[in-house]
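Single-letter residue listing:
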Amino acid sequence: MNHRSDFVKYQLIYILGFLCFLNSVLGQQPFGQKELIQSISNDGPTLSFIVDMDLDGRPDIVSASAADDKISWFRNLDGVSLFSSGIDITDHAISVYSIDIGDIDGDNYPDIVLASIDDNRAYWIQNQLPNNRFSDPKVINYNFRAPQSIQLSDLNNDNRLDVLIGSQEGEGVILHENLNDNEEMFGTAQAISTNAPNVVNIRTADIDQDNDQDIFYTDFENDAVYFVENNNGAFGSEALVANNIDGAFGLDIADLDNDNALEVIYTSFRSGTVSSSTYLTTGNFSNSMIIDNLPIGITDIQAEHLNSDSRIDLVVALGVIGGTV
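Below: a short report on this structure. (Residues numbered from 1 in each chain as written. Predicted model: local features only at pLDDT ≥ 70, side-chain atom pairs only at ≥ 80, totals over all residues. Heavy atoms only, no water.)

### Notes on unusual backbone geometry
Inference 1: The backbone of Asn 211 shows a phi angle near 70 degrees, a positive value even though the residue is not glycine.
Inference 2: Along the chain, the position of Asn 211 falls in the loop between strand S17 (199-205) and strand S18 (214-219).
Inference 3: Under the relative-accessibility criterion, Asn 211 is labelled exposed at 64%.
Inference 4: Of note, Asp 223 is a non-glycine position whose phi angle comes to about 55 degrees, a positive value.
Inference 5: Inspection of the secondary structure puts Asp 223 in the loop between S18 and strand S19 (224-231).
Inference 6: Among the residues examined, Asp 223 registers a relative accessible area of 22% and is labelled partly exposed. (Helix = DSSP H or I, 4+ residues; strand = E, 2+ residues; numbered from the N terminus. Buried < 20%, exposed > 50% of the residue type's maximum accessible area, 1.4 Å probe, protein only.)

Here's what the structure looks like:
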């Protein structure tokens, strides 16, 4: 199966996209009912991200759409679940299936990195909201084939956000170090994994509590979630978190049950399940636990506090696109 063709080049027959807000509650059931944030009839959100873009103390939502090449900002208006209509950040995010957000240039405002699968490039966008705008996309990497996943993380403990990029066409995962240089913000590519055939999402977290960020990614072709341990800037071989995830796609890491241990949260594109696994010992994880069953086509999941309670909430992006996958 040509997954690049399946996801990018087939005719867009029907597109239905919406964002769901899963608010966790106390009691026997760990998560409450789904709350619709935004429904879009023809330009479905491929993914979403939760972050305070304008530093007003309220977590906003940033959504990217591969259907219309846009990245949009939904401003949080009340600190709970009332959001503005989408505000365009850029309409030049060509076939974007992954973004990440963090302060790249040290000015405290969250910037954006994105993977543009059709032009084989990764970019970053500078947040210039003090001047009421965002910069045009700036190139990080010109020659990485079909970059579909991207993640910011300080992987060498120098207090600067580096960038990880994953390929949809067999080039694995690479790392670009943040040089903190406005002329050339990121360094040359370093290989992290060359074995993954179709990396669709990357996340990092200190899963083993050794004070460095470990790497996780979903592999759509292998229906699996993988883990690469970071040992003070030296990276190990990939280890399995979960398999038999039919079209493994969305990914995040959080402490869902307030037990001071992190769960790996992942979604199935083909079956619509949202599941999690808990880290047990080095390289070992618990069996999958299903959190919810949603419509097919889940492309992203984010775990964050969206209100004033102490529980983690989940935002899920669904982009159901016509064609056979």
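### A look at the nonpolar core
Buried together is how nonpolar side chains tend to be arranged in soluble globular proteins.
Inference 1: Met 53, Val 62, Ile 71 and Ile 99 are the most contacted members of the largest nonpolar core, which has 19 residues in total.
Inference 2: For this core, the secondary-structure elements that each account for two or more residues are strand S3 (47-51), strand S4 (60-65), strand S5 (70-74), strand S7 (96-102), strand S8 (111-116) and strand S9 (121-125).
Inference 3: In terms of residue count, S7 provides more of this core than any other element does, 3 residues in total.
Inference 4: Residues in contact with Met 53, not counting those within four places in the same chain, are Asp 60, Val 62, Trp 73, Ile 101, Tyr 109, Pro 110, Ile 112, Asn 127, Leu 129 and Phe 134.
Inference 5: In terms of nonpolar packing, the next biggest core, distinct from the first, is built from 15 residues, Ala 205, Phe 227, Leu 251 and Tyr 266 among them. (Core = buried A, V, L, I, M, F, W, Y, C linked by side-chain atoms within 4.5 Å. Contact = heavy atoms within 4.5 Å.)

### Brief notes about the sheet that holds S7
Inference 1: Ordered by their spatial adjacency, 4 strands build an open sheet running S7-S8-S9-S12, and the pairing between neighbours is antiparallel. Both outer strands of the open sheet, S7 and strand S12 (138-141), are each paired with one neighbouring strand and no more. For this sheet, the mean inter-axis angle between neighbouring strands, taken without regard to orientation, is 25 degrees.
Inference 2: Across 6 bridges, S7 lies against S8 in antiparallel orientation. Bridging across to S8, Gly 102 finds its partner in Asp 111. (Pairing = 2+ DSSP bridges. Axes fitted to C-alpha atoms, helices over the stretch in contact; angles between N-to-C directions.)

### Quick look at the side chain of Asp 214
Inference 1: For Asp 214, the location among the structural elements is in strand S18.
Inference 2: Arg 203 is the oppositely charged side chain nearest to the buried, salt-bridge-free Asp 214, at an N-O distance of 15 Å.
Inference 3: Filtering out sequence-adjacent residues up to four positions away, Asp 214 remains in contact with Arg 203, Thr 204, Ala 205, Asp 206, Ile 207, Asp 208, Phe 227, Val 228, Glu 229 and Asn 230. (Lys, Arg positive; Asp, Glu negative; His and termini not counted. Salt bridge = Lys/Arg side-chain N within 4 Å of Asp/Glu carboxyl O.)

### Looking at the packing of aromatic side chains
Inference 1: Enumeration over the complete set of coordinates arrives at 10 aromatic pairs.
Inference 2: Aromatic pair Phe 227 and Phe 285: ring centres 5.6 Å apart, planes at 75 degrees, arrangement edge-to-face. Here Phe 227 is found in strand S19, whereas its partner Phe 285 is found in strand S24 (residues 284-285), with 58 residues between them in sequence. Assigned by exposure class, Phe 227 and Phe 285 land together as buried.
Inference 3: Among the aromatic residues, ring-to-ring pairing joins Phe 216, Phe 227, Tyr 279 and Phe 285 into one connected group. (Phe/Tyr/Trp six-rings, centres within 6.5 Å; stacked < 30°, edge-to-face > 60°.)

### Overview of the pairing of S5
Inference 1: Most of S5 sits inside the fold, with 4 of its 5 residues counted as buried.
Inference 2: Pairing geometry for S4 and S5, over 5 bridges, is antiparallel. Each bridged residue has a counterpart across the sheet, and for Ser 63 the counterpart in S5 is Ser 72.
Inference 3: Where S4 hands over to S5, the hairpin turn is made up of 4 residues, of which Asp 69 adopts a positive phi near 65 degrees.
Inference 4: Sheet topology places S5 next to strand S6 (residues 87-90); 3 bridges connect them, and they run antiparallel. Along S6, the bridge assignment pairs Ser 72 with Asp 88.

### Some points on the environment of Ala 303
Inference 1: Tracing the chain through its elements places Ala 303 in strand S26 (residues 298-304).
Inference 2: For the pair Ala 303 and Leu 251, spaced 52 residues apart in sequence, the C-alpha to C-alpha distance is 9.4 Å.
Inference 3: In contact with Ala 303, other than residues within four places in its own chain, are Asp 252, Ala 254, Ile 265, Ile 312, Asp 313 and Leu 314.

### Considering the sheet that holds S19
Inference 1: With antiparallel pairing, 4 strands are arranged side by side in an open sheet as S17-S18-S19-S20. Looking at strand neighbours, the two that pair on one side only are S17 and strand S20 (234-242), the edges of this open sheet. Neighbour-to-neighbour, the strand axes of the sheet open up by a mean angle of 25 degrees, direction not taken into account.
Inference 2: The pairing of S19 with S20 spans 6 bridges and is classified as antiparallel. Each residue of the ladder has a partner; that of Asn 230, found in S20, is Phe 235.

No statement about biological role is implied by the geometric values presented.
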